[in-house]
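Survey of secondary and tertiary structure
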Amino acid sequence: MQLSKRVETLTPSSTLAITAKAKELKKEGHDVIGLGAGEPDFNTPNYILEAAAEAMKSGMTKYTPSGGIIELKEAIINKFQDDNQLRYSTDEVIITTGAKHALYTLFQVLLNDGDEVIVPTPYWVSYPEQIKLAGGNPIFLQSSEENEFKITPEDLKKAITPKTKAIVLNSPSNPTGMMYSKGELEELGKVCLEHNILIVSDEIYEKLIYTADQHVSIAALSPELKEQTVVINGVSKSHSMTGWRIGYAAGPQTIIKAMTNLASHSTSNPTSIAQYAALAAYESNDASLSKMKEAFSERLNAFYDLITDIPGITCKKPKGAFYIFPNVSEAVAMNGFSSADDWVKAILEEEKVALVPGSGFGSPENVRLSYALGLDDLVEAAKRIKRFVENHQ
Ligand code: PLP
């Protein structure tokens, strides 16, 4: 059967591929340490599980409105108000099947064939694929490692053409863990307003920041920017709820309405039970979340020191999310490999440590290491990578 042209160039998610390979090796009995995880390794807090059970028992197992239940929309509106000083009404918010599907739906309602969306590199793997599936062209805008992988207003101006429709900003970033300051967002926002470019602001890691830096939503900087931005967020990373699939988008009413119409013909609605679970997540002030953050912070400090101690590996210290994204080009060359992809494969085969090659994020000199696993495993993984690098010199 001939498949559609649309999926011809679709590549499987490189992060999921490496996690699957690591799982396979583990199943075969190998002592594999997977640094590919894109999700917190903590259980969803108990009170959320209980809220879901209660929702099921009380019959909340039917279709909901396509844009999500009103109670959860209101809780999300309160969250925006409290955390981001943003005021939305219920018709400016849609609840989706994970933040991933919020982005997918957004690009579908936004893009015509040939429209350009600026994607700063390194990028989260799904942005380019989703843009292409909607008929758009991802325009990769290389950021520099010296500038903490952040684009500048000058970079942005150069990438803009008459076809530019939107830009994706992701702060804190997957894969780099870097974040934009308020001043930097103001500068970028100014350029977007001047050129009438919609900002897709993916803020899914906003709750996982380990420095004194404050997360700022670009939509909160002015009423004009709010009108020109769709904020994407969700409970996957903040509440360790990746499997529940609850995300959301907030933005101009016309966009949200179109997304809701599209959702009514695609998912119908996000799972009713998961919506009630997310409601409990937002209605509680949960201490276990700060414990999770503390654990991530401790791991980052320890793991970062161990990884940057390895010859040929350099890295600016990330501020948020749960990844580090070191440049390994020197180690790769020193070890006699022609690419980081091959180097990563060899490390998995020889030392049974799964890293994600940066090529999937548009950054072939880097690798992404997740620290969403126990400290003992992180220490062991760093030891093995170091041994590999030293043994192949
Ligand atoms: N955006 C970024 C930057 C992510 O890293 C992820 C998940 O890995 C998502 C969005 C999607 O999250 P969700 O689980 O809510 O679909």
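About the cut-offs
- Residues numbered from 1 in each chain as written.
- Predicted model: local features only at pLDDT ≥ 70, side-chain atom pairs only at ≥ 80, totals over all residues.
- UniProt positions renumbered as here; feature names shortened; annotations may be inferred.
- Helix = DSSP H or I, 4+ residues; strand = E, 2+ residues; numbered from the N terminus.
- Domains from an automatic or database assignment.
- Contact = placed C-beta atoms within 7 Å.
- pLDDT = per-residue confidence, 0-100.
- Expected span 1.5 Å × (residues − 1).
- Near = placed C-beta within 6 Å.
- Axes fitted to C-alpha atoms, helices over the stretch in contact; angles between N-to-C directions.
- Parallel < 35°, antiparallel > 145°, perpendicular 65-115°, else oblique.
- Left-handed = near helix turned anticlockwise from the far one by under 90°.
- Buried ≥ 20, exposed ≤ 12 C-beta atoms within 10 Å, placed from the backbone.
- Arc of directions from axis to C-beta.
- Pairing = 2+ DSSP bridges.
- Core = buried A, V, L, I, M, F, W, Y, C linked by C-beta atoms within 7 Å.
- Right-handed = clockwise from strand over helix to strand, strands pointing away.

1. With respect to the UniProt feature "domain: Aminotransferase class I/classII large" (unreviewed entry) in the protein chain
Mapped onto this structure's residue numbering, the UniProt feature "domain: Aminotransferase class I/classII large" (unreviewed entry) falls at residues 31-385. Annotation note: span residues 31-385, helix share 42%, strand share 15%, distance between end C-alpha atoms 14 Å.

2. Some details on the domain arrangement of the protein chain
For the protein chain, the assigned domains read domain 1 (5-43 + 287-388) and domain 2 (62-283). Each of domain 1 and domain 2 has a C-alpha centre, and the two are 25 Å apart. Each side of the interface is counted separately: domain 1 has 34 residues, and domain 2 has 30 residues. Where the side of domain 1 that touches domain 2 is concerned, the elements lending two or more residues are α1 (14-27), α11 (287-308) and β9 (323-324). Ranked by the residues each element gives to the side of domain 1 that touches domain 2, the list is headed by α11, at 6 residues.

3. What about the confidence of the model for the protein chain?
Detailed reading of the predicted coordinates is not advisable wherever pLDDT is low. When the pLDDT values of the protein chain are averaged, the result is 96; 99% of them are 70 or greater. Two numbers describe this predicted complex: its pTM, 0.96, and its ipTM, 0.99.

4. Concerning helix α2 (residues 46-57)
Between its first and last C-alpha atoms α2 spans 17 Å; for 12 residues at 1.5 Å apiece the expected length is 16 Å, and the two agree. Contacts from the buried residues of α2 go to α10 (272-283). The first or second residue beyond α2 is G59, which carries a positive phi of 85°.

5. Brief notes about the site of the ligand
In the vicinity of the ligand there are 13 residues, among which G98, A99, K100, N174 and S236 approach most closely. Element by element, the count of residues in the shell around the ligand is highest for helix α4 (residues 98-110), at 3 residues.

6. Here's the deal with the packing of helix α3 (residues 70-84) against α10
Between α3 and α10, the shortest axis-to-axis distance is 9 Å and the interhelical angle comes to 30°. Judged on the interaxial angle alone, α10 and α3 are roughly parallel. α3 and α10 meet at a crossing whose hand is left-handed. Residues E71, L72, A75, I76 and K79 of α3 lie in contact with α10, whose contacting residues are Q275, A278, L279, Y282 and E283.

7. Focus: helix α9 (residues 253-266)
Its 14 residues give α9 an end-to-end C-alpha distance of 20 Å, which sits within 8% of 20 Å, the value for a rise of 1.5 Å per residue. When we look at burial in α9, the residues that qualify are I256, M259, T260 and A263. For α9, the buried positions fall inside an angular range of 105° around the axis, keeping them on one side. Of the exposed residues in α9, those oriented more than 90 degrees away from the buried face are T254 and H265. On the buried face of α9, the contacting elements are β2 (93-97), α4 and β8 (246-250). S268 sits one or two residues past α9 and shows a positive phi near 70°.

8. Focus on the sheet that holds strand β7 (residues 229-234)
Working definition: the strands of a sheet are paired by backbone hydrogen bonds and lie parallel or antiparallel to each other. Judged by pairing direction, the sheet is mixed, and its 7 strands sit side by side in the order β2-β8-β7-β6-β5-β3-β4 without closing on themselves. Looking at which strands have only one partner, the edges of the open sheet turn out to be β2 and β4 (137-142). Taking each pair of neighbouring strands and ignoring which way they run, the sheet shows an average axis angle of 25°. Pairing analysis gives 5 bridges linking β2 to β8, with the strands arranged antiparallel. Considered in β8, the bridge of T96 is made with G247. Along the sheet face, α3 touches β2 and β8 and points at about 110° away from the line of β2.

9. Re the nonpolar core
I167, A249, A277 and A278 are the most contacted members of the largest nonpolar core, which has 116 residues in total. Mapping this core onto the domain boundaries places at least three of its residues in each of domain 1 (5-43 + 287-388) and domain 2 (62-283). Setting aside anything within four residues of it in sequence, one finds A278 in contact with L72, V235, M241, W244 and I246.

10. Observations regarding the pairing of β4
Of the strand pairs in this sheet, strand β3 (residues 116-121) and β4 are connected by 6 bridges, and their pairing is parallel. When the bridges of β4 are listed, I118 appears paired with I139. Handedness of the crossover is the feature at issue here: the chain leaves β3, passes through helix α5 (residues 126-133), returns alongside β4, and the resulting connection is right-handed.

11. Details of the sheet that holds strand β11 (residues 356-357)
The 3 strands are arranged β9-β12-β11 in an open sheet whose pairing can be described as antiparallel. Two strands bound the open sheet, and with one partner strand each, they are β9 and β11. Bridging between β9 and strand β12 (residues 367-370) involves 2 bridges; their strand directions are antiparallel. Note on β12: the bridge partner recorded for Y323 is S370.

12. Things to note about the pairing of β7
Most of β7 sits inside the fold, with 6 of its 6 residues counted as buried. Here β7 shows a buried face lined by T229, V231 and N233 and a second buried face lined by V230, I232 and G234. Where strand β6 (residues 198-202) and β7 come together, 4 bridges link them in parallel fashion. Directly across from S201, in β7, lies its bridge partner V231. As defined by bridge partners, β7 adjoins β8 across 4 bridges and the pair is classed as antiparallel. Counted as the bridge partner of G234 is G247 from β8.

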